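Chain by chain, the residues run as shown.
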Amino acid sequence: MGLVVQKYGGSSVADAEGIKRVAKRIVEAKKNGHQVVVVVSAMGDTTDELIDLAEQVSPMPAGREFDMLLTAGERISMALLAMAIKNLGHEAQSFTGSQAGVITDSVHNKARIIDVTPGRIRDSVDEGNIAIVAGFQGVSQDKKDITTLGRGGSDTTAVALAAALDAEVCEIYTDVDGVFTADPRVVKKAKKIDWISFEDMLELAASGSKVLLHRCVEYARRYNIPIHVRSSFSGLQGTWVSSEPLAQNTQQQGVKVEQAIISGVAHDTSEAKVTVVGVPDKPGEAAAIFRTISNAEINIDMIVQNVSAASTGLTDISFTLPKAEGRKAIDALEKNKEGIGFDSLRYDDQIGKISLVGAGMKTNPGVTADFFTALSDAGVNIELISTSEIRISVVTRADDVNEAVRAVHSAFGLDSDSDEAVVYGGTGR
Ligand code: ADP
Ligand code: ASP
Ligand code: MG
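Residues numbered from 1 in each chain as written. Chains lettered and ligands numbered in written order. Predicted model: local features only at pLDDT ≥ 70, side-chain atom pairs only at ≥ 80, totals over all residues. Heavy atoms only, no water.

Colleague: Mind laying out the overall build of the chain, listing which residues take part and the relevant values?
Modeller: Along its length, the chain carries 12 helices and 20 strands. The C-alpha atoms of the chain give 23 Å as radius of gyration, which agrees with the globular expectation for 429 residues (22 Å, within 12%). Summarising its shape, the C-alpha atoms of the chain cover approximately 80 × 50 × 35 Å along the three principal directions. Among the 429 residues that make up the chain, the fraction classed as buried is 52%. Taking contacts inside the chain between residues at least 6 apart in sequence as the whole, the part at least 24 apart equals 75%. With the model as given, the accessible surface of the chain reaches about 18800 Å², and the carbon-plus-sulfur share is 49%. (Helix = DSSP H or I, 4+ residues; strand = E, 2+ residues; numbered from the N terminus. Rg over C-alpha atoms; globule rule 2.2 N^0.38 Å. Buried < 20%, exposed > 50% of the residue type's maximum accessible area, 1.4 Å probe, protein only. Contact = heavy atoms within 4.5 Å. Areas by Shrake-Rupley, 256 points an atom, 1.4 Å probe, with all protein chains shown as cover.)

Colleague: An account of the packing of aromatic side chains is needed here, citing residue identities and associated values.
Modeller: Tallying each qualifying case throughout the model produces 5 aromatic pairs. Here the aromatic rings of Y8 and Y173 are separated by 4.6 Å at their centres, their planes lie at 10°, and the arrangement is stacked. One end of the pair, Y8, is in strand β1 (residues 3-8); the other, Y173, is in strand β9 (residues 169-174), with 165 residues separating them in the sequence. Taken together, a centroid distance of 5.7 Å and an interplanar angle of 50° make the contact between F371 and F372 tilted. By relative accessible area, which is 25% here, F372 ends up partly exposed. (Phe/Tyr/Trp six-rings, centres within 6.5 Å; stacked < 30°, edge-to-face > 60°.)

Colleague: Please give an account of the pattern of salt bridges that cites residues and values.
Modeller: Per the counting criterion, the structure on display carries 20 salt bridges. In this structure, D348 and R397 form a salt bridge, with 2.5 Å as the shortest nitrogen-oxygen distance. Note that D348 is positioned in strand β17 (residues 344-348) and R397 in strand β20 (residues 391-397), a separation of 49 residues in sequence. Owing to a relative accessible area of 19%, D348 belongs among the buried residues under this scheme. In this structure, the salt-bridge partner of R406 is E403, at a minimum N-O distance of 3.9 Å. Placement of the pair is R406 and E403 together in helix α12 (residues 401-411), with a separation of 3 residues, close to one helical turn. Under the relative-accessibility criterion, R406 is labelled partly exposed at 36%. Through salt bridges with shared partners, a single ionic network connects K273, D348, E383 and R397. (Salt bridge = Lys/Arg side-chain N within 4 Å of Asp/Glu carboxyl O.)

Colleague: Outline the sheet that holds strand β16 (residues 314-322), listing residues and values.
Modeller: As summarised here, the arrangement of the 4 strands in space is β15-β16-β14-β17, forming an open sheet in which the pairing is antiparallel. Whereas interior strands pair on both sides, the edge strands pair on one side only; in this sheet they are β15 (303-305) and β17. Strand-to-strand, the axes of this sheet are offset by a mean angle of 15°, without reference to chain direction. Packing of helix α8 (residues 285-295) onto the sheet brings it into contact with β14 (271-280), β15 and β16, and relative to β16 it is tilted by some 25°. Seen against the sheet, helix α9 (residues 326-335) touches β14, β16 and β17 and runs at an angle of roughly 175° to β17. (Pairing = 2+ DSSP bridges. Axes fitted to C-alpha atoms, helices over the stretch in contact; angles between N-to-C directions.)

Colleague: Tell me about the packing of α8 against α9, and name the residues and values.
Modeller: Across the interface, α8 lies against α9 with an axial gap of 9 Å and an inter-helix angle of 130°. If you check the angle between α8 and α9, you find them oblique. As for the relative orientation of α8 and α9, their crossing is right-handed in sense. For the pair α8 and α9, contact is made by I289, T292 and I293 and by A329, A332 and L333, respectively. Taken together, the residues of the contact of α8 with α9 sort by class into 5 nonpolar, 1 polar and no charged. (Parallel < 35°, antiparallel > 145°, perpendicular 65-115°, else oblique. Left-handed = near helix turned anticlockwise from the far one by under 90°. Nonpolar A, V, L, I, M, F, W, Y, C, P; charged D, E, K, R; others polar.)

Colleague: So, the site of ligand 1: which residues are in play, and what are the values?
Modeller: Around ligand 1, a shell composed of 18 residues is seen, among which T174, D175, F180, D183 and R185 lie nearest. Contact distances for ligand 1 include 2.8 Å between an oxygen atom and a side-chain N or O atom of R185. A total of 570 Å² of accessible area belongs to ligand 1 in isolation, and the protein chains cover 89% of it. Across the shell around ligand 1, the residue classes break down as 7 nonpolar, 6 polar and 5 charged. (Near = heavy atom within 4 Å. Polar contact = N/O pair within 3.5 Å; in protein donor to acceptor, adjacent residues only side chain to side chain.)

Colleague: Residues and numbers for the pairing of strand β7 (residues 137-140), please.
Modeller: Bridging between strand β4 (residues 102-104) and β7 involves 2 bridges; their strand directions are parallel. When the bridges of β7 are listed, I103 appears paired with V139. The loop that links β7 with its antiparallel partner strand β8 (residues 146-148) comprises 5 residues; one of these, K144, has a positive phi angle of about 60°.

Colleague: Tell me about unusual backbone geometry, residues and numbers included.
Modeller: Backbone geometry at F136 places phi at a positive 75°, although glycine is not the residue there. For F136, the location among the structural elements is in the loop between β6 (130-134) and β7. Here D166, not a glycine, exhibits a phi torsion of approximately 55°, which is positive. Checked against the element boundaries, D166 lands in the loop between α5 (154-164) and β9. Owing to a relative accessible area of 64%, D166 belongs among the exposed residues under this scheme.

Colleague: Tell me about the site of ligand 2, residues and numbers included.
Modeller: Around ligand 2, the structure places S41, A42, T47, E74, F136, R151, G152, G153 and S154. Here T47 contributes a side-chain N or O atom positioned 2.8 Å from a nitrogen atom of ligand 2. Between ligand 2 and S154, the relevant distance is 3.0 Å, taken from an oxygen atom to a main-chain nitrogen or oxygen of the residue. When isolated, ligand 2 has an accessible area of 260 Å², and the protein chains bury 87% of it. When grouped by side-chain class, the residues that make up the shell around ligand 2 number 2 nonpolar, 5 polar and 2 charged.

Colleague: Describe in detail the UniProt feature "binding site: substrate" (unreviewed entry) in the chain, supporting the description with residues and values.
Modeller: Residues annotated by UniProt as "binding site: substrate" (unreviewed entry) correspond here to T47 and E74. The greatest C-alpha distance among the annotated residues, which extend across 28 residues, is 8.7 Å, indicating that they converge on a single site. Not counting residues up to four positions away in its chain, the partners in contact with T47 are A42, L70, E74, F136 and R151. Those residues in contact with E74, other than ones at most four positions away along the chain, are V40, S41, A42, T47, A134, G135, F136, Q137 and S154. (UniProt positions renumbered as here; feature names shortened; annotations may be inferred.)

Written out as structure tokens, the structure is:
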């Protein structure tokens, strides 16, 4: 029996009862003969509450101190979980991200893992302990400051540790039974997916399916770590995310799978749209705008540029970005207004994105047309469109998103016969 990494999200450890329930589950894995390394998130909505608190003290908190604050959430749950396990008569030790050897760059609030040196974790499990690691945090290589990996970053901690420890599987325990064809909070008839490729999961995650974080799937694909997404509230098999439907992994044997044409529908209401109005239609303008944005270390998502009306020689450029970075983007562009040369800026945070994902799209030319037809039948107006080989995304009004997701889900025959999608916990925040 090899080593397993298990990650428990905030909704699985929302209160003392949740921590005790999870502790029992961890002890079961240990009793079955595995070495067990656990990654744990902050309890319930603790991270959101800490963010609210920081904003009451300062509208733009300094990155270093903000990270120091947020990592406290995971420290609370790791210590409590270790106590609960000891109370069941098993040995457990808790470790911060820094103690576990999670080394990152120094970009506060969204640091990237650059190395994992889990010597202390290895020693701890070799001595017979269950090792509990605080998710979502690390230490910067150069300044030795405490960093966080971005919202949902405990998923990445888990996969990075699984890779560094050569784990046989990385189990992600959450509040739904696996990855579904749409968010079960929005589509009651969403179906659980038994197996999904890294590629399709990457697109779903990048498009807003927060059940797994995009960076975590990227990491798993790079190191070929199979992920098993499942509920900590039920004993059911969940969703396997891996390169091959039936990998050599023994736990994965016998799972019935088939490659779907369409994997699912994702939605995202965490983005905003910036429109740069009255940009001269000449070479170098887009470069100047996006250099400004990238110098401010802001990641953008979609971009559209309209052709200029010939008479004015001016054009508009719109792009989407995380709402959390909206203020920073507007400030950076305003500062460079003269250098770039534009008339004005518009900011719209009442948008939503809907994406259809599936490898079968490459060979089924009708998919795009069917997608747009489903949206039009639902009376949903499209504002921006972007595509990749295996994804189509549109931006709509935020108010239309849930209806649009349900319409597209039905139109592609993804609805299950029953209302099988159970949400066991969490507030959906
Ligand atoms: P955790 O606290 O365990 O990290 P998250 O809230 O980050 O949990 O992720 C689980 C949530 O992801 C679910 O409760 C569900 O609402 C949402 N979700 C979005 N898209 C999907 C999907 N396609 N399949 C399953 N869950 C999804
Ligand atoms: N607690 C962090 C968050 O809420 C990290 C995580 O849960 O993965 O974003
Ligand atoms: Mg999560």
